[in-house]
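Read off the chains here:
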Amino acid sequence: MTTALNDTANHDDTANHDAAPGGAARQVAAGLPRLLPQAPEDLQAHLSRYGTVPYRRRGAAGARADARGAAGALIKDIAASGLTGRGGAAFPVHRKLTAVAQAKGTRKVVVANGAESEPASRKDELLLRIAPHLVLDGLQLAAEAVGATEAHLYLHAAPGPQILRALTERASRRLDLLPVSITQAPPRFLAGQETALISRLGGGPALPAFQPPRVSERGLGGAPTLVQNVETLAHLALIARYGPRWFRAVGTEEEPGSMLTTIYRPDHRTEIHEVPVGVPVNALLPADAQAWLVGGYHGVWLPLPEASNLTLDHASLREFGASPGAGVLAALPADRCGLAEAARVTGYLAAESAAQCGPCLNGLPRIAAALAELAAGKHRRQTRADLERWSGLVTGRGACHHPDGTVRFVRSALQVFAPEIDRHARGHCSARNRDPFLPVPDRRPTTEQDWI
Amino acid sequence: MNLKVNPIACTGHGVCAELLPELVTLDEWGYPVIDPGPVPPALDRDARRTVAACPALALRLARIYR
Amino acid sequence: MNNAFWYASRATGIVALLLLTAVLVLGILVNRQGRLPGLPRFAVTDLHRSLSLLSVAFIAVHIVTAVLDTYVHIPLLSAVIPFASGYERLWLGLGAIALDLMAAMIVTSLLRGRLNRVVWKAVHLLAYASWPLTFAHSLGSSKDLQQGWLLFLAIGCAAAVAAAAAFRLAHAARQVPRAGRVSAILSQQTSKQAVSR
């Protein structure tokens, strides 16, 4: 059962989707939803709604258009639109496009990153299920813009029937410039990381690499590679049709557009909402919760009521050291133990370390064990000091940002749940409900095969 | 030039901390903590020797462009 | 005069074998982050490197004197081209192969900073092929080493290499594979907490 959220003074309504299959949504206002149709769209429905893929080069009236100039036009539009990556890093898309377009080489690769390695995020999975053609349009348009010779789709699970059908339909209509190879990501937290993705696509394990040359210069097989989140490509496909001004009609001036969010609320099923960037978080999460988690498991716990007026954009969240990330938002119910939740997540993050770098390998399990001690109320006086020392030791000393993100999550938990730590030390816990709230996968990686 | 370590290649031999204690100390697990600033010119030769001496070839001197 | 060359070749050959044995053992010590008593860590790496260059010097004299000696004809090229010598074709041939491998190791090590780490490591592993070939060359071509105290010396070198190699292999067998390292540390941590309670 889904409901539309109430209109607020200066933000568009959102329509939302039940993350469970077959959920339906009610469209409420103009502007949104943009990415999520009311029901899964096959190719015919997609073409009726959006028209065909607006390639720049094809159909240039008569004479041979300047191929680079034509493709460059899309990049200019993307630049004007201010589109940033929706996979969590929020990197300006036009800069990646330009870097790959200008890189030297006859071979170029584009990758749609649908690994969605954050366990609490479900938006990419939904997008690929009900609007795969927007993603695939975006992939082809990006391929044209950079002059790619190879296209890949990197998926969290085995490709579902929808995505396979979508590709077959497109092939029969000759819609695509490039055939799309599908690769499955292992269910690892780091599998969607850019260099881990490149390694996996190259046939190896999904392990991050250290500052190799930028993937936009030397990526898959040494070729300049563009890696974009699937939601980002969907936005790109719409900007190519409707232009940058249309994209900027929602959102904020500095951070335009809309974004998908995965929302966890007490007593509700997991929901996926498309919202304008800059929407007040309290329009999505109850302000009377115990605490908010913004940005997923590398994100930040926010205290309430201090954070209750924040909006979902970098400028606002920065004040609390947070960022929108990949749009995972959770409101911790008052009856749960925040420490226990944080400890569970941190145990997961530690187990998901690639174990390639000494500081991360040594620090994260120790940090997780210490946090578990605090949650169990069994901590020694040394535990807090150890935690702080280890947090400082792992930050910035790995090949990727896994230790940094984990420390960010842990430090915010220690701050927000400080009163709970004291209570636990005295043998009490304010939780009345011991059920886990945040989704944490059970299976831990134990063998080399778990990374492939 | 800045001294950088490749944390994947580094296995904690600790030779770098012996040869360049001004810029490198070892953490409690034996891994190098390197001063992030530029290498002072007086230490340039020592830094190069340290990079060459790492058994794991995990060090390098890199120019950081801002 | 002739005899001098011949004796020089035999002597430098024996010293080279000793040096190369030390180089290999030291190499394994470096890999295992071991230390020599009373010396800093960089002494182990420096000694490994210095002795390897010293052994090159001894091998060079060993070859040149053997070539200059006129009692038997050993063409210079047979030092690097295996089985090109009429005299003791097999044993000298093995020596030539060993030398070729060593040359690859030395050249790549001199160019270490410019090479891909993985490539350097792969070539360096040729040491495990080069030393046995060196040993076979030494024992096969030199009557000196086949008897008396020099034989004991040679066996001693082989024993040292065997022990070092066994030590290295044992570590490789014991080493927790990457995918299992985090859980190893996690269980170490939780058992430590259990004990402190």
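Caption draft 1: Inspection of the overall build of chain C at higher detail. Regarding its fold elements, chain C presents seven helices and zero strands. On C-alpha atoms alone, chain C measures out to a radius of gyration of 21 Å, which is more than a quarter above the 16 Å that the 2.2 N^0.38 rule sets for 197 residues. If you take every contact in chain C between residues at least 6 apart in sequence, the share linking residues at least 24 apart comes to 59%.

Caption draft 2: Representation of the overall build of chain B in the model. When helices and strands are counted, chain B shows two helices and four strands. Secondary structure of chain B in N-to-C order comes out as β-α-β-β-α-β. By the compact-globule yardstick of 11 Å for 66 residues, chain B fits well, its C-alpha radius of gyration being 11 Å. For the C-alpha atoms alone, the extent of chain B along its principal axes is close to 30 × 20 × 20 Å. A burial count over chain B gives 36% of its 66 residues as buried. Of the contacts made within chain B by residues no fewer than 6 positions apart, 57% connect residues no fewer than 24 positions apart.

Caption draft 3: Representation of the interface of chain C and chain A. Taken together, the 14 residues of chain C in the interface contact 20 residues of chain A. Of the residues assigned to the side of chain C that touches chain A, the class counts are five nonpolar, six polar and three charged.

Caption draft 4: Spatial organisation of the nonpolar core. Counting 136 residues, the largest nonpolar core has Val135(A) and Ala142(A) as the members making the most contacts within it. When residues of this core are assigned to their parent elements, the largest contribution, eleven residues, is made by helix α11 (residues 358-376) of chain A. For this core, the domains that each give at least three residues are domain 1 (18-247) and domain 2 (338-436) of chain A. Contact partners of Val135(A), with chain neighbours within four places excluded, come to Ala112(A), Leu127(A), Leu128(A), Val230(A), Leu233(A) and Ala234(A). Core analysis: the next-biggest nonpolar cluster, separate from the first, contains 33 residues, Leu51(C), Ile74(C), Met105(C) and Val161(C) among them.

Caption draft 5: Spotlight on the sheet that holds strand β2 (residues 109-114) of chain A. Residue and element names in this part refer to chain A. Ordered by their spatial adjacency, four strands build an open sheet running β4-β3-β2-β5, and the pairing between neighbours is parallel. The open sheet has two edge strands, β4 (180-184) and β5 (225-229), and neither has a second partner. Adjacent strand axes in the sheet meet at a mean angle of 20°, parallel and antiparallel pairs treated alike. Bridge analysis of strand β3 (residues 150-155) against β4 gives five bridges, and the strand direction is parallel. Pairing of Leu 153 across the sheet is with Ile 182, part of β4.

Caption draft 6: Main features of the environment of Pro92(A). Within the fold, Pro92(A) resides in the loop between α2 (67-81) and α3 (93-102). As for Pro92(A) and Ala79(A), which are separated by 13 residues in sequence, their C-alpha atoms are 8.0 Å apart.

Caption draft 7: The pairing of strand β6 (residues 258-264) of chain A, seen in detail. All names here are of chain A. Counting buried residues in β6 gives seven out of seven residues, a clear majority hidden from the surface. Pairing geometry for β6 and strand β7 (residues 271-276), over six bridges, is antiparallel. Bridging across to β7, Met 259 finds its partner in Val 275. Count of turn residues in the β6/β7 antiparallel hairpin: six residues, of which Asp 267 carries a positive phi of about 60°. Looking at chain direction, β6 and strand β10 (residues 328-332) are connected through three bridges and run parallel.

Caption draft 8: Molecular detail of the interface of chain B and chain A. Contacts between chain B and chain A engage eight residues on the former and ten residues on the latter. Considering only residue class, the side of chain B that touches chain A consists of five nonpolar, two polar and one charged.

Caption draft 9: Fine view of unusual backbone geometry. Residue and element names in this part refer to chain A. With an omega of 0°, the peptide bond between Leu 32 and Pro 33 qualifies as cis. Structurally, the position occupied by Pro 33 is in the loop between β1 (15-18) and α1 (43-50). Looking along the chain, the bond that leaves Leu 304 and enters Pro 305 is cis, with omega of 10°. Looking at the secondary structure, you find Pro 305 in the loop between β9 (300-303) and α9 (314-317). Of note, the phi angle at Ala 90 is positive, near 55°, even though the residue is not glycine. Note that Ala 90 resides in the loop between α2 and α3.

Caption draft 10: Focus on helix α6 (residues 161-172) of chain A. Residue and element names in this part refer to chain A. A rise of 1.5 Å per residue sets the reference length of α6, with its twelve residues, at 16 Å; its end C-alpha atoms lie 16 Å apart and thus fit the reference within 8%. Listing the buried residues of α6 in full gives Ile 163, Ala 166, Leu 167 and Arg 170. Angularly, the buried residues of α6 cover 95° about the axis, an arc narrow enough to put them on a single face. Relative to its buried face, α6 has exposed residues pointing more than 90 degrees away, namely Pro 161, Thr 168 and Ser 172. Once α6 ends, the next one or two residues include Arg 174, with phi positive near 55°.

Caption draft 11: Focus on the pairing of β2(A). Residues and elements named next belong to chain A. Of all six residues making up β2, six are buried, and the element is well covered by its neighbours. What you see with β2 is no split at all: Val 109, Val 111 and Asn 113 on one side and Val 110, Ala 112 and Gly 114 on the other are buried throughout. Relative to β3, β2 runs parallel, the two sharing six bridges. Following the sheet pairing, Ala 112 is matched in β3 by Leu 153.

Caption draft 12: Layout of the packing of helix α3 (residues 89-110) of chain C against helix α4 (residues 117-124) of chain C. Residue and element names in this part refer to chain C. The interhelical angle for the contact between α3 and α4, taken along N-to-C directions, is 150°, at an axis separation of 9 Å. Viewed along their axes, α3 and α4 adopt a mutual orientation that is roughly antiparallel. Our pair here, α3 against α4, has a crossing hand that is left-handed. Touching Ala 104, Met 105 and Thr 108 of α3 are Trp 120, Val 123 and His 124, all from α4. The residue makeup of the contact of α3 with α4, split by class, is four nonpolar, two polar and no charged.

Caption draft 13: Examining the confidence of the model for chain C more closely. For chain C, mean pLDDT is 92; residues scoring 70 or higher make up 96% of the total. Interface confidence for the predicted complex, expressed as ipTM, amounts to 0.95; the pTM equals 0.91.

Caption draft 14: Local environment of the environment of Leu220(A). All names here are of chain A. Assignment of secondary structure puts Leu 220 in the loop between α7 (194-201) and β5. As a C-alpha pair, Leu 220 and Val 279 span 59 residues in sequence and 37 Å in three-dimensional space. With sequence-adjacent residues up to four places away left out, Leu 220 is seen in contact with Val 109, Ile 198, Leu 201, Gly 202 and Thr 225.

Caption draft 15: Looking closely at the packing of α3(A) against helix α5 (residues 132-146) of chain A. Residues and elements named next belong to chain A. Here α3 crosses α5 at 50°, and the two axes come no closer than 8 Å. For the element pair α3 / α5, the angle class is oblique. Side by side, α3 and α5 meet where Leu 97, Val 100 and Ala 101 of the first sit next to Ala 142, Ala 145 and Val 146 of the second.

Caption draft 16: Quick look at the environment of Leu177(A). All names here are of chain A. Among the secondary structure elements, Leu 177 is positioned in the loop between α6 and β4. Judged by local crowding, Leu 177 falls into the partly exposed class, with 17 C-beta atoms found within 10 Å. In the structure, Leu 177 is positioned 36 residues away from Leu 141 in sequence and 8.6 Å away in space, judged by C-alpha atoms. Dropping the residues within four chain positions of it, Leu 177 is found in contact with Gln 140, Ala 143 and Glu 144.

Criteria and thresholds
- Residues numbered from 1 in each chain as written.
- Chains lettered and ligands numbered in written order.
- Predicted model: local features only at pLDDT ≥ 70, side-chain atom pairs only at ≥ 80, totals over all residues.
- Helix = DSSP H or I, 4+ residues; strand = E, 2+ residues; numbered from the N terminus.
- Rg over C-alpha atoms; globule rule 2.2 N^0.38 Å.
- Contact = placed C-beta atoms within 7 Å.
- Buried ≥ 20, exposed ≤ 12 C-beta atoms within 10 Å, placed from the backbone.
- Nonpolar A, V, L, I, M, F, W, Y, C, P; charged D, E, K, R; others polar.
- Core = buried A, V, L, I, M, F, W, Y, C linked by C-beta atoms within 7 Å.
- Domains from an automatic or database assignment.
- Pairing = 2+ DSSP bridges.
- Axes fitted to C-alpha atoms, helices over the stretch in contact; angles between N-to-C directions.
- Expected span 1.5 Å × (residues − 1).
- Arc of directions from axis to C-beta.
- Parallel < 35°, antiparallel > 145°, perpendicular 65-115°, else oblique.
- Left-handed = near helix turned anticlockwise from the far one by under 90°.
- pLDDT = per-residue confidence, 0-100.

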